[in-house]
Amino acid sequence: MMAAHHRDADSPGSGRRIFRLATLGTAAIAAFVVAVGWGLDWAPARTIVPGWPATTPATATGIGLLGLSLATAASTRSRLASVGAAVLVLLVCLWALVLVPAGFVPPGDSPWLSLPSIATSVTLATLAVGSLLVSGNPARRYRVVGLVALVGLMLPLHRLFVLALSGPGRTGASPFDTMSLPTATMLAVLGIAGLLLHPNLPYRSLAAARDTLGTLFRAGIAVAVFAPLLTAAGVLLGSRIVDQDLEGLLAWASTAMSLVLASLLWTGLQMFVRLQARTESLAQRFERLFRFSPMGKVLVDDTGRIRTANPASERIFGYRAGELVGRSIEDLVPEPLRDVHRRQRNEFERPGDSGIGASNRAVDGLRADGSRVPLEITLTTLPDEEGEMVLATMADISARRAAELALQESENRYRQLTQSLPQLVWTCRPTGECDFLNAQWVAYTGVPEQAQLPYGWLDHVHPDDRDALMSSWKAAVETGDDMQVEFRIRRHDGLYRWFDTRATAIKDVEGRIVKWFGSNTDIEDRKLFEVRLHETQRRFELAVQATREGLWDWNLVTDDIYLSPQWFAMLGYAEGEVPYRGDFRATLIHPDEAQGWRTVLQQHFDARTPFHSVECRFRAHDGTYRWMLDRGQVVERDADGRPLRMVGTDTDISDRKVLELSLRQQTEDLTRSNADLERFAYIASHDLQEPLRMVASFLQLLDRKYEGKLDDTGRQYLDFAVGGARRMQALIQDLLRYSRAGRSDEPLVRVDMNRALAVALDNLSVAIADAGAKVSPDVLPPARGQAGELTQVFQNLVQNALRYGGEAAPELKISGECTDDGMCTFSVQDNGVGIAPQHQDRIFELFKRLNPNDGKSGTGIGLATCKRIIERFGGRIWVESQPGAGSTFRFTLPSDTEQR
Amino acid sequence: MSDPMPFTPVDILLVEDNLGDAILVREALAEYKIRNSLHHVQDGEQAMDFLYRRGDHAEAPTPGLIFLDLNLPRKDGREVLMEVKSDPELRQIPVVVFTSSAAETDIVRSYGLHANCYVTKPLDLEQFMRVVQSIENFWLHIVRLPGV
């Protein structure tokens, strides 16, 4: 249809041919009238109807010239000739119209010299002006020329009507009714030709114009057609009004008919104009729909040739603008389908038909570069003046295809992902019914997926958690908000484990829930850890409260430090009274310890010590200093090992410090007194002993040298003095032993008790022999102690037994045995006087003796020495005795067995 | 081995600040009826003077045995011991440390200074005399010493 439209508009067509025939034909006829009618004087050529007025030679010549002028007016080449002919015609008409009434009558009476009549001249002049107007460029003023032509048409038509109605009888009734029949006919033809003057645009486009000029033109047509009829009728009416004959009646009737026809023509023309406009706007709409459609559109004729293609289709197939038109539609079909397409091209389903599907078919198209493009095509037919054309509408769906593929792939990936997640993953419909549980869920519960949908899974939730879970779930389904809830799920073996469940609604662009997506993460271990952590924390808090420890947490980058309430309380500050700054805290440290504190801290910062631990004094609120044990550890370091954060505690150790100080004092005192004792022991052994030895020795020397010169009394006095001196010596010796007993720093070792006893008995061999004592030692087990000291113990005990023997000769039994508790008990049993129970403890005290000082008794130091030695070795000593029944001294020592 | 010479008188040097002890030693030796001459000095300086024949002791003989007490005025017995044992001539003379001290430290120290023996003075007179006589007998009659 488009093509038809264009073809119609572009070709000069019949209008042009008619124009040429009319103008040149009229010129030829005019020449014939002059040549034959007048030159050969053949009347019918001048009058057509015999007896009727003839066309004068001047008129015929004017018409011929006008015809030539009009015929050549449109051409630039013959412009001069056209203008010249028109001007010549105009000059003749000017003479006839202006000079004749003014008296300039041509000389003579020859018909050759007669001028055209007024009516003829007006018409000729009008059409000549039209010819001049379009001369050289008819397109320029063609619409005006059209009007001019209409005007030029009116007089000849009027005359033709008059002649047709009443014949030439009425000729001369008015100056406009003078035209002869040939003249009127020829001028009418030229007038019509004037309307067709434009070479390309026919008169009808002028008549269809929707502007004032078009309206005028359309009115002009009606006027040009009917005004002559009216005027002709008016002429007749004017002459026959009184006759009341048939002609008069006809005149009336034709007049009325003319009016009706004129109005009909007018409305028809107006309707035509409207229809024309609508058609054009429809065409334009179609054109735009076609051209600017995002869908590719191709019009194909019944031979398979592409008649029109829109830019979208060119884009789809990769052709340049205009390249598709004229190609075969099969050029756009990939090779394997081409033949089928050619055969079945016209068998698609038309509306109301049932053939091959023609709506939204997905096919592949072949692009200019040989690649394929997936298309979705809809076919329909369009009627055309040359038959039927097919409109193919197509969309490039490669993007959609790719998106579909991507969607498919992402869905697969998502499936795989959910199956590989350690979590239990599920999805539910927007209404809350679940439609998918992943493999982990199934494996965990041990129940097939289908058995748990849509709500079967709830059976695996711990009964105590179900209500809370369901109310959360219902709330989530209603609001579409995310859900997070913790509950226990039963494992296939019946064990419940805690899960952290999160659900998110997947929503479409309008916010409607499409799907619920959820995952359950096993948090059993975390839960356990939380409980333990809480316990640990609580324990720690209690411990901190109990131990009076202040906590601090020091940011070493910003120097901010957190100090716990307990920290402030320990030093008597109100909470926050000390700024939370690390450097300020350091200023509270006593100047004597500040340097040491910094050194230790720096060592820890340099990672040379695993902990920071310093005892130092902090200034309390009241200005006094409190001893603190400041301990801490860097808990964060940067990549270069620089400390970032340190936490620690301060423990109030003032009490301990005081105790420590007094203990140190005591230790020092004790050491000093021990040293004094040592000195005393030395003095006793040497300086004190020396004069005694002198006394004793010289008394003895005296006794020896002057024995015979002393009387009995003198000798007795001398004996007392010697005895006193000896006793004094024994006292000093024993005291020395006592002071040294158990003071040795030597470590405890294995002692062969048999040997220790043997040495003791050997030392006492003289005394034993003197006393006539019988000593029976058993085999003794080894013990831990020091051989020399234990010899002393045995020696003292045996000596004691000898000293306090009864009437009979002393009998001593010495035995020992070890028990499982790691101690060995040794006993020295005698048959002596025995000791009353009330004295049994006293005998181990220093200088406590049960017997009077008769010279034979001991110093009262021996047993005390034994006690001191045994206790130093971790044992104890006691006596079991009854007066007169002998005594058994027992002592214990750690056995040597545990060391083996 | 040459024959002992029991009748050759030997000079014994007794370094002892306690006159009582000096008398007891003299008594002990006298009782033994040996014709040895006992020289008694009361302090360490005199002892060194005697040994080096200095001052009053210019005519002193070289002793064949020294009884040395440890606690002496002016110059301690330990110093005397050290000086004697440091002298290549004097070190050959046997030195018997004869003291009332039974302290272990004194014993160890004396032997460390090369004392020939260490004897604690017995408390009992009888024992005292026996010990002195034993020492004299041992060092002057039993032991063989380099010829003086």
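Worth saying up front: this structure is predicted, and the values here are computed from it rather than measured.

## Focus: the overall build of chain B
Thought 1: Within chain B one finds five helices and five strands.
Thought 2: The order of helices and strands in chain B, counted from the N terminus, is β-α-β-α-β-α-β-α-β-α.
Thought 3: Within chain B, contacts between residues separated by at least 24 positions form 66% of all contacts whose residues are at least 6 apart in sequence.
Thought 4: Per element, the accessible surface of chain B, about 7500 Å² overall, is 53% carbon and sulfur.

## Thoughts on the packing of aromatic side chains
Residues and elements named next belong to chain A.
Thought 1: Going through the model one piece at a time under the given rule, you end up with 17 aromatic pairs over all chains.
Thought 2: Residues tyrosine 455 and tryptophan 457 carry aromatic rings whose centres are separated by 6.4 Å and whose planes lie at 35° to one another, so their mutual orientation is tilted.
Thought 3: With a relative accessible area of 32%, tyrosine 455 lands in the partly exposed category.
Thought 4: According to the relative accessible area criterion, tryptophan 457 is buried, its value standing at 7%.
Thought 5: Taking 6.5 Å as the distance between ring centres and 55° as the angle between the ring planes, the aromatic pair formed by tryptophan 554 and phenylalanine 605 counts as tilted. With tryptophan 554 in strand S11 (residues 549-555) and phenylalanine 605 in helix H20 (residues 591-605), this pair connects stretches of sequence that are 51 residues apart.

## Remarks on the state of the cysteines
Residue and element names in this part refer to chain A.
Thought 1: Enumeration over the complete set of coordinates arrives at two disulfides over all chains.
Thought 2: Disulfide pairing places cysteine 428 opposite cysteine 434 at an S-S distance of 2.0 Å. Between cysteine 428 and cysteine 434 the sulfur-sulfur dihedral comes to about 50°; the bridge is accordingly right-handed. Per residue, the accessibility class of cysteine 428 equals that of cysteine 434, and both read buried.
Thought 3: A disulfide bridge connects cysteine 818 with cysteine 824, and the sulfur atoms are separated by 1.9 Å. Taking the sign of the torsion about the S-S bond as the criterion, the disulfide between cysteine 818 and cysteine 824, at about 90°, is right-handed.
Thought 4: Assessed through its relative accessible area of 0%, cysteine 824 is described here as buried.
Thought 5: For chain A, the bonded cysteines connect in the pattern 1-2, 3-4 when numbered consecutively along the sequence.

## Things to note about a nonpolar patch on the surface
Thought 1: Together, Val87(A), Leu88(A), Leu91(A), Leu94(A), Trp95(A), Val98(A), Leu99(A), Val100(A), Phe104(A) and Val105(A) line one region of the surface with nonpolar side chains, adding up to about 870 Å² of accessible area.
Thought 2: Following the sequence through the fold, Leu94(A) ends up in helix H5 (residues 79-99).

## Points about the interface of chain A and chain B
Thought 1: Facing the 16 residues of chain A at the interface are 22 residues of chain B.
Thought 2: Between chain A and chain B, roughly 1600 Å² of surface is buried when both sides are summed, and carbon and sulfur atoms account for 50% of that area.
Thought 3: Where chain A touches chain B, the interface holds three salt bridges.
Thought 4: Across the salt bridge formed by Arg693(A) and Asp21(B), the nearest N and O atoms sit 2.7 Å from each other.
Thought 5: For the pair chain A and chain B, the number of links is five residue pairs in polar contact (both at pLDDT 80 or more).
Thought 6: For the side of chain A that touches chain B, the secondary structure elements donating two or more residues are helix H21 (654-687), helix H22 (689-705) and helix H23 (712-740) of chain A.
Thought 7: The element contributing the most residues to the side of chain A that touches chain B is H22(A), with 10 residues.

## Here we look at the nonpolar core
Residue and element names in this part refer to chain A.
Thought 1: Among the nonpolar cores identified, the biggest contains 37 residues, and Met753, Leu790, Phe794, Leu797, Phe891 and Leu893 are the most heavily contacted of them.
Thought 2: At the level of secondary structure, the elements contributing two or more residues to this core comprise helix H24 (753-763), helix H26 (787-803), strand S19 (811-818), strand S20 (823-829), helix H27 (862-872), strand S21 (877-881) and strand S22 (887-894).
Thought 3: Looking at this core, the element that brings in the most residues is H26, giving seven residues.
Thought 4: Setting aside chain neighbours within four positions, we find phenylalanine 794 in contact with Met753, Ala756, Leu757, Ala760, Leu780, Ile814, Val828 and Phe891.

## Remarks on the pattern of salt bridges
All names here are of chain A.
Thought 1: Tallied over the full model, the rule gives 53 salt bridges over all chains.
Thought 2: When the shortest N-O distance is used, the salt bridge between lysine 515 and aspartate 435 registers 2.5 Å. With lysine 515 in strand S10 (residues 513-522) and aspartate 435 in strand S7 (residues 434-437), this residue pair connects regions lying 80 residues apart in the sequence.
Thought 3: According to the relative accessible area criterion, lysine 515 is partly exposed, its value standing at 28%.

## Quick word on the sheet that holds strand S4 (residues 95-99) of chain B
All names here are of chain B.
Thought 1: As summarised here, the arrangement of the five strands in space is S2-S1-S3-S4-S5, forming an open sheet in which the pairing is parallel. Looking at the sheet topology across the chains shown, the edges are occupied by strand S2 (37-41) and strand S5 (117-120). Each strand axis lies, on average, 20° off the axis of its neighbour in the sheet, ignoring direction.
Thought 2: Sheet topology note: the strand S1 (residues 11-15)/strand S3 (residues 65-68) ladder contains four bridges and is parallel. The partner of leucine 14 across the bridge, within S3, is phenylalanine 67.
Thought 3: The strands that helix H1 (residues 19-31) touches are S1, S2 and S4; relative to S2, the one it contacts most, it runs at about 175°.
Thought 4: Packing of helix H2 (residues 44-51) onto the sheet brings it into contact with S1, S2 and S3, and relative to S1 it is tilted by some 160°.

Calculation rules
Residues numbered from 1 in each chain as written. Chains lettered and ligands numbered in written order. Predicted model: local features only at pLDDT ≥ 70, side-chain atom pairs only at ≥ 80, totals over all residues. Heavy atoms only, no water. Helix = DSSP H or I, 4+ residues; strand = E, 2+ residues; numbered from the N terminus. Contact = heavy atoms within 4.5 Å. Areas by Shrake-Rupley, 256 points an atom, 1.4 Å probe, with all protein chains shown as cover. Phe/Tyr/Trp six-rings, centres within 6.5 Å; stacked < 30°, edge-to-face > 60°. Buried < 20%, exposed > 50% of the residue type's maximum accessible area, 1.4 Å probe, protein only. Disulfide = S-S within 2.5 Å. Patch = residues over 30% accessible without salt bridge, like charges linked within 9 Å, V, L, I, M, F, W, Y side chains within 5 Å. Salt bridge = Lys/Arg side-chain N within 4 Å of Asp/Glu carboxyl O. Buried area = accessible area lost by both parts, 1.4 Å probe. Polar contact = N/O pair within 3.5 Å; in protein donor to acceptor, adjacent residues only side chain to side chain. Core = buried A, V, L, I, M, F, W, Y, C linked by side-chain atoms within 4.5 Å. Pairing = 2+ DSSP bridges. Axes fitted to C-alpha atoms, helices over the stretch in contact; angles between N-to-C directions.

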